[in-house]
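Here are the chains, one letter per residue:
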Amino acid sequence: MGIDFHSNKNRGSYTSRKADKLWGDAITHLVPIEDISVALEVGCGGGIYCKALSEMGVNFVTGVDFSDAMLEGARENCKDYPNISFKNGSAFQTGVESNHYDLLLERALIHHINDLRSCFAEGNRVLKDGGYYIVQDRTPEDCLLVGSDRHIRGYFFELFPKLKEKELNRRHKSQLVIETLKKVGFNNIEEMKLWETRKVYDTKEQLLQDLSERTGRSILHELDNVELNRLVNHIDHSLPTDGKIVERDRWTIWKAVK
């Protein structure tokens, strides 16, 4: 089935969260954020991380996405940020000028892409010499950790092997990411792991409702409604508490320099 990123009914699916402070700390550890004036996010979705970059002090942020529906949601989400703009474009043809950006962010993008080399080559084109490229995604190892009240995603794959197969097929191994970045001309490549807080739920019921609506979770669009209800019930019975739940996901972040 899969998520339809172009559907208006999904336009708000990636606008409802706020970027985790730990994410901001990780970026400032990798990049001298005080020196970043102009940043680009490709695959910006609802603009959550464009907003985060602005709040971290970046003067001008441009978000690019291939979905007009997502961009409508992003513009609404960032309407109070005059230094953020959005445009339609793809990871292979962003439509922005060359050698212009101090920082390029691609978060949760590359698992939707088979041709990493073309994507990374476009990244190389738009960055200034000395510019920073931040790629953030999950490796197969990140995805397939066991389910717990910390790692809710793990329950998806324990219950539905077809989702595990989907993840293994679409997630790139770290070695491939690093080798491809080198091939298109990037240097000083670093890798780090991050447990990023996805969302804090005051009650388990809030989490279950979020899951039922598939909010910001493209993988759950691979399930039909009957399967989704089965998953929600499984997680309901698996979680040991009715109290606050801090949901985290483990990510890999690669930093490269042009």
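Quantities reported herein were computed from a predicted structural model and do not represent experimental measurements.

Q: Would you explain the overall build of the protein in this entry?
A: Within the protein one finds ten helices and seven strands. Here the protein has a C-alpha radius of gyration of 18 Å; the compact-globule value for 258 residues is 18 Å, and the two agree. With the C-alpha coordinates of the protein rotated into their principal frame, the extents come out at 50 × 40 × 30 Å. The 258 residues of the protein split such that 55% are buried. Side chains of the protein give 36 positive and 40 negative charges; the mean places of these two sets differ by 2 Å.

Q: Looking at this structure, how should I read the sheet that holds strand β5 (residues 127-137)?
A: To summarise the sheet geometry, strands pair through backbone hydrogen bonds and adopt either a parallel or an antiparallel arrangement. Pairing within the open sheet is mixed, and its seven strands lie in the order β3-β2-β1-β4-β5-β7-β6. Here the strands that pair on one side only, and so sit at the sheet edges, are β3 (84-88) and β6 (187-201). The sheet shows a mean angle of 20° between the axes of neighbouring strands, direction not considered. Across the sheet, helix α9 (residues 204-212) is in contact with β6 and β7 (245-257); its angle to β6 comes to roughly 115°.

Q: Is there a simple way to think about unusual backbone geometry in this case?
A: Of note, the phi angle at Ala108 is positive, near 55°, even though the residue is not glycine. Structurally, the position occupied by Ala108 is in the loop between β4 (101-107) and α4 (116-126). Given the relative accessible area of 22%, Ala108 is considered partly exposed. The backbone of Arg214 sits at a positive phi, close to 60°, despite the residue not being glycine.

Q: When you look at the packing of α9 against helix α10 (residues 225-238) in this model, what are you seeing that I'm missing?
A: Any two packed helices are characterised by the angle at which their axes cross and by the distance between the axes. At their nearest, the axes of α9 and α10 sit 10 Å apart, and the two run at 160° to each other. In terms of orientation, α9 lies roughly antiparallel with respect to α10. Pair α9 / α10 crosses with right-handed handedness. Between α9 and α10, the residues in contact are Lys204, Leu207, Leu208, Leu211 and Ser212 and Leu228, Val232, Ile235 and Asp236, respectively.

Q: So what exactly am I meant to see when it comes to the packing of α4 against helix α8 (residues 174-183) here?
A: Put simply, α4 and α8 touch, their axes get as near as 9 Å, and they point 50° apart. In terms of axis orientation, α4 runs oblique to α8. Between α4 and α8 lies a crossing of right-handed hand. Contacts between α4 and α8 involve Leu116, Arg117 and Phe120 from the former and Leu176, Val177, Thr180, Leu181 and Lys183 from the latter. Tallied by class, the residues present in the contact of α4 with α8 amount to five nonpolar, one polar and two charged.

Q: Looking at this model, I keep getting lost on helix α2 (residues 48-55). Mind explaining?
A: Quick reminder: α-helices carry 3.6 residues per turn. Residues three or four places apart thus point the same way. Burial within α2 is extensive, with seven of its eight residues counted as buried. Residues of α2 that are buried include every one of Ile48, Tyr49, Cys50, Lys51, Ala52, Leu53 and Ser54, and no others.

What counts and how
- Residues numbered from 1 in each chain as written.
- Predicted model: local features only at pLDDT ≥ 70, side-chain atom pairs only at ≥ 80, totals over all residues.
- Heavy atoms only, no water.
- Helix = DSSP H or I, 4+ residues; strand = E, 2+ residues; numbered from the N terminus.
- Rg over C-alpha atoms; globule rule 2.2 N^0.38 Å.
- Buried < 20%, exposed > 50% of the residue type's maximum accessible area, 1.4 Å probe, protein only.
- Lys, Arg positive; Asp, Glu negative; His and termini not counted.
- Charge placed at Lys NZ, Arg CZ, Asp CG, Glu CD.
- Pairing = 2+ DSSP bridges.
- Axes fitted to C-alpha atoms, helices over the stretch in contact; angles between N-to-C directions.
- Contact = heavy atoms within 4.5 Å.
- Parallel < 35°, antiparallel > 145°, perpendicular 65-115°, else oblique.
- Left-handed = near helix turned anticlockwise from the far one by under 90°.
- Nonpolar A, V, L, I, M, F, W, Y, C, P; charged D, E, K, R; others polar.

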